[in-house]
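# Overview (structure and organization)
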Amino acid sequence: MKEETIKRILKFRDDRDWKQYHNPKDLAISISLEAAELLEVFQWSGADTSDEGRTDKIKEELADVLNYCVLMADACGLDIDEIVQEKIKINDEKYPVEKAKGKSEKYDSL
């Protein structure tokens, strides 16, 4: 995510004096709720797993999830790029290409 985008999210919050309400617990709850709204886009879709006809709603809900993630990282003093890079490194070790490519099993089953 671009630094400009992160700053814009934080400015939106700060302009409204909402930081006082953004503690880690409430932000974690908000992330979960928004992720559930993203999941709701696919509710009752049966075997239809595509995004066709759902793109606008997916964009809206995914943006909400990402916005709250930025706010959570800020509340916890975390650098988004750093924590994502760390997690990619961990996943790279858990799921080496030669064992995981084309497989959906969890790392402890490879």
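Scroll up a little and you will see the structure.
Below you will find a few notes about this structure. (Residues numbered from 1 in each chain as written. Predicted model: local features only at pLDDT ≥ 70, side-chain atom pairs only at ≥ 80, totals over all residues. Heavy atoms only, no water.)

### A few points about the overall build of the chain
Check the secondary structure of the chain and you find 5 helices and 0 strands. The helix and strand sequence of the chain, counted from the amino end, reads α-α-α-α-α. Each of the 110 residues in the chain was classed as buried or not, and the buried ones make up 18%. Residue pairs in contact within the chain that sit at least 24 positions apart in sequence constitute 54% of those at least 6 positions apart. For the chain, the accessible surface area stands at approximately 8700 Å², while carbon and sulfur atoms represent 53% of it. Positive and negative side-chain charges in the chain, numbering 18 and 26 respectively, have mean positions lying 3 Å apart. (Helix = DSSP H or I, 4+ residues; strand = E, 2+ residues; numbered from the N terminus. Buried < 20%, exposed > 50% of the residue type's maximum accessible area, 1.4 Å probe, protein only. Contact = heavy atoms within 4.5 Å. Areas by Shrake-Rupley, 256 points an atom, 1.4 Å probe, with all protein chains shown as cover. Lys, Arg positive; Asp, Glu negative; His and termini not counted. Charge placed at Lys NZ, Arg CZ, Asp CG, Glu CD.)

### Brief notes about the pattern of salt bridges
As enumerated under the stated definition, the model contains 7 salt bridges in all. The salt bridge partner of Asp14 is Arg13, with a shortest N-O separation of 2.8 Å. In this structure Arg13 comes out as buried when scored by relative accessible area, which is 4%. Close ionic contact of Asp26 with Lys25 constitutes a salt bridge, the shortest N to O distance being 2.7 Å. Of the residues examined, Asp26 reaches a relative accessible area of 28% and is grouped as partly exposed. Beyond isolated ion pairs, a larger network of salt bridges with shared partners links Arg13, Asp14 and Asp74. (Salt bridge = Lys/Arg side-chain N within 4 Å of Asp/Glu carboxyl O.)

### Section: the side chain of Glu34
Among the structural elements, Glu34 can be located in helix H2 (residues 24-40). Leave out the neighbours within four places in its chain, and Glu34 touches Glu61, Asp64, Val65 and Tyr68.

### So, the layout of surface pockets
Estimates place the volume of the largest pocket at around 290 Å³. Of all the elements in the fold, those that place two or more residues in the lining of the largest pocket are helix H1 (3-15) and helix H3 (55-75). It is H1 that provides the largest number of residues to the lining of the largest pocket, a total of 6 residues. Here the lining of the largest pocket is composed, by residue class, of 5 nonpolar, 3 polar and 4 charged. Reported here for the second largest pocket is a volume of approximately 220 Å³. Glu3, Ile6, Asp79, Ile80 and Asp81 are the residues nearest the centre of the second largest pocket, which is lined by 13 residues in total. Residue assignment for the lining of the second largest pocket shows that the elements contributing at least two residues are H1, H3 and helix H4 (80-94). Residue classes in the lining of the second largest pocket are distributed as 8 nonpolar, 1 polar and 4 charged. (1 Å grid on protein atoms, 1.4 Å probe; cavity = no way out; pocket = protein on both sides within 12 Å on 5 of 7 lines; lining within 4 Å. Points joined across faces, edges and corners; volume = space filled by probe spheres on them. Nonpolar A, V, L, I, M, F, W, Y, C, P; charged D, E, K, R; others polar.)

Function cannot be inferred from these measures alone, as they are strictly geometric.
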